[in-house]
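Summary of structural features
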Amino acid sequence: FANRSMLLSRKNVHAEAKIAALGLELPNPSIPKGNYVNFKQVGNMAYLSGHLPQPAQGDLVVGKLGEDITVEQGYEAAKYVGLSMMATLKHNLGDLDRVKQVVKIFGLVNCTNTFSQQPSVVNGCSDLMVKVYGEENGSHARSATGTNALPLGVAVEIEAMF
């Protein structure tokens with residue numbers, strides 16, 4: 001089991017080049033909105049607190065899926081969350097290529113009671129991880145659930161383990 005837990009290491013992935021090739025940009029690392037840290041490394045594992053959909057240029061993506069945000073807009077919001085998480089990883093690790101494996105993503109979707117496409121929304125983050133880290137290292141375990149409200153009214157909040 002010790003070998004499987006070695007999840008942070010030097011690896012020649014060139015994650016930032018892949019992000020740029022996708023026409024995407026990392027935002028500035030987010031600042032915690034409460035009494036917690038965004039990044040916690042324990043051994044070779046990195047744990048990221050819930051991140052919000054903050055584009056590199058622009059405002060937080062706010063709204064409720066099934067009411068005033070479409071699935072496609074939610075997907076894009078989840079992609080922004082993935083980029084925000086990568087900005088946190090880069091800030092704390094110094095290099096995104098130190099990430100060996102995306103282990104688990106837990107996504108919360110701000111939605112109406114009848115909205116049932118949470119997995120399609122959180123795919124925005126999951127698809128980004130696979131595009132940046134490849135199928136083998138970017139594929140991960142995942143949960144996608146709905147909730148009636150999220151901090152600051154954002155459409156999506158996602159936490160992860162690397």
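Refer to the preceding data block for the structure.
A few points on the structure. (Residues numbered from 1 in each chain as written. Predicted model: local features only at pLDDT ≥ 70, side-chain atom pairs only at ≥ 80, totals over all residues. Heavy atoms only, no water.)

1. Focus: the overall build of the chain
The condition is simple: To qualify as a helix, a DSSP run of H or I must reach at least 4 residues; to qualify as a strand, a run of E must reach at least 2; elements of each kind are numbered from the N terminus. Computation of the radius of gyration draws on C-alpha atoms alone. For the globule rule, the value is 2.2 Å times the number of residues to the power 0.38. Residue contacts are defined here by distance: any two heavy atoms, one from each residue, within 4.5 Å place the two residues in contact. Only the protein chains shown count as cover for residues, with accessible areas throughout obtained via the Shrake-Rupley method and a probe of 1.4 Å. Charged residues are defined here as Lys and Arg on the positive side and Asp and Glu on the negative side; His and the ends of the chain fall outside this count. A single reference atom marks each charge: NZ on Lys, CZ on Arg, CG on Asp, CD on Glu.
When its secondary structure is counted, the chain shows three helices and five strands. Taken from the N to the C terminus, the helices and strands of the chain come in the order α-β-β-α-β-α-β-β. Since a compact globule built from 162 residues should have a radius of gyration of about 15 Å, the 15 Å found for the chain is in line with a globular shape. Here the C-alpha coordinates of the chain stretch approximately 45 × 35 × 35 Å along the principal axes. In the chain, the proportion of contacts linking residues at least 24 apart, taken out of those at least 6 apart, comes to 82%. When the accessible surface of the chain is totalled, it reaches about 8100 Å², and 50% of it is carbon and sulfur. Seen as two clouds, the 14 positive and the 14 negative side-chain charges of the chain have centres 9 Å apart.

2. What to know about the nonpolar core
The test is simple: The set of buried Ala, Val, Leu, Ile, Met, Phe, Trp, Tyr and Cys residues whose side-chain atoms join them within 4.5 Å is what this entry labels a nonpolar core. Only protein chains enter the area calculation, which uses a 1.4 Å probe; residues under 20% of their type maximum are buried, those over 50% are exposed, and those in between are partly exposed.
One finds Leu-89, Ile-158 and Phe-162 to be the most contacted residues of the largest nonpolar core, which totals 36 residues. Of all the elements in the fold, those that place two or more residues in this core are helix H1 (15-21), strand E2 (45-51), helix H2 (71-93), strand E3 (104-110), helix H3 (118-138) and strand E5 (156-161). Per element, the largest residue contribution to this core is nine residues, and it comes from H2. In this structure Ile-158 touches Ser-49, Gly-50, His-51, Ala-78, Val-81, Met-85, Ile-105, Phe-106, Gly-107, Val-122 and Cys-125, once residues within four positions along its chain are discounted.

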